[in-house]
Amino acid sequence: MTDSSANSAEAVLDDRRERRRLPVIGLWLTAIYIGGVALYLWLQGQNPTDLRLNELGDFLGGVSSPLAFLWLVLGFFQQSREIRLSNKALHLQAREMRRSVDEHRRIAGEPGAGGDA
C-alpha cells in the first residue's frame, strides 16, 4: 500500500469515526437524561399516568424540550462539520483542476505536441 492510499484509507476511517461520534454522544446524553427523569419521578413517588390529559401533555412537553434542544445543537455541529468537509473537497477539486489546466498548457506549448503530422 502506498503512502497516499494509506493516508486516504486512514482519512476515511477517521471520517467514519467522526460521523458516528455525535450521534453516539447524543444517544448517551439522551439515555442519561431519561434515566435521570425516571429516577427523579421514582424518588418523588410520582407516576405520570396519574396525571390528567392536559397535565400529561405539559409534562411530556417539558421533559422532551431539553432533548429536542440537545438534538438541534448536535445537528448544528454535524451540519457545520459536513459544510467544512464539503469546502475542503471543493478546494481539493479546484487544485486538481488547476494542475490539469497547467498540464494541458504545458503539453500544448511543447513543439510537436499539436496534431501536425
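Attention here is on the structure that accompanies the text. It should be emphasised that the depicted structure is a prediction, and the values quoted were computed from it without experimental measurement. (Residues numbered from 1 in each chain as written. Predicted model: local features only at pLDDT ≥ 70, side-chain atom pairs only at ≥ 80, totals over all residues. Heavy atoms only, no water.)

Regarding the overall build of the protein chain
Looking only at helices and strands, the protein chain has two helices and zero strands in total. Intrachain contacts of the protein chain at a sequence separation of at least 6 include 77% that bridge at least 24 residues. (Helix = DSSP H or I, 4+ residues; strand = E, 2+ residues; numbered from the N terminus. Contact = heavy atoms within 4.5 Å.)

Notes on the pattern of salt bridges
Counted under the stated rule, the structure contains four salt bridges. With a shortest N-O distance of 3.3 Å, Glu 82 and Arg 81 are connected by a salt bridge. In this structure Glu 82 comes out as partly exposed when scored by relative accessible area, which is 29%. Under the relative-accessibility criterion, Arg 81 is labelled buried at 6%. Arg 106 is the salt-bridge partner of Glu 103, the closest N and O atoms lying 2.4 Å from each other. (Salt bridge = Lys/Arg side-chain N within 4 Å of Asp/Glu carboxyl O. Buried < 20%, exposed > 50% of the residue type's maximum accessible area, 1.4 Å probe, protein only.)

Focus on helix α2 (residues 53–109)
With 57 residues, α2 extends 81 Å from end C-alpha to end C-alpha; this agrees with the ideal 84 Å at 1.5 Å per step. Along its length, α2 reaches its greatest deviation from straightness, about 30°, at Ser 64, and the proline Pro 66 lies no more than four positions downstream. By the burial criterion, the buried members of α2 are Leu 67, Leu 70, Leu 74 and Arg 81. (Expected span 1.5 Å × (residues − 1). Bend = angle between axes of the 7 residues up to and from the residue.)

Let's talk about a nonpolar patch on the surface
A surface patch of nonpolar side chains, about 500 Å² in accessible area, is lined by Val 24, Ile 25, Trp 28, Leu 29 and Ile 32. With respect to the secondary-structure elements, Leu 29 resides in helix α1 (residues 3–44). (Patch = residues over 30% accessible without salt bridge, like charges linked within 9 Å, V, L, I, M, F, W, Y side chains within 5 Å. Areas by Shrake-Rupley, 256 points an atom, 1.4 Å probe, with all protein chains shown as cover.)

A look at the side chain of Thr 30
Here Thr 30 lies in helix α1. A residue is classified by how much of its surface remains accessible, and Thr 30, at 14% relative accessible area, is buried. Ignoring sequence-local partners within four residues, the contact set of Thr 30 consists of Leu 67, Leu 70 and Trp 71.

Remarks on the side chain of Arg 81
Note on placement: Arg 81 falls in helix α2. Residue contacts for Arg 81: discarding those within four places in its chain leaves Asp 15, Glu 18 and Arg 19.

Concerning the environment of Val 63
Inspection of the secondary structure puts Val 63 in helix α2. Sequence separation of Val 63 and Val 37 is 26 residues, and the distance between their C-alpha atoms is 7.9 Å.

Everything listed here is a matter of coordinates, which is why it stays silent on function.
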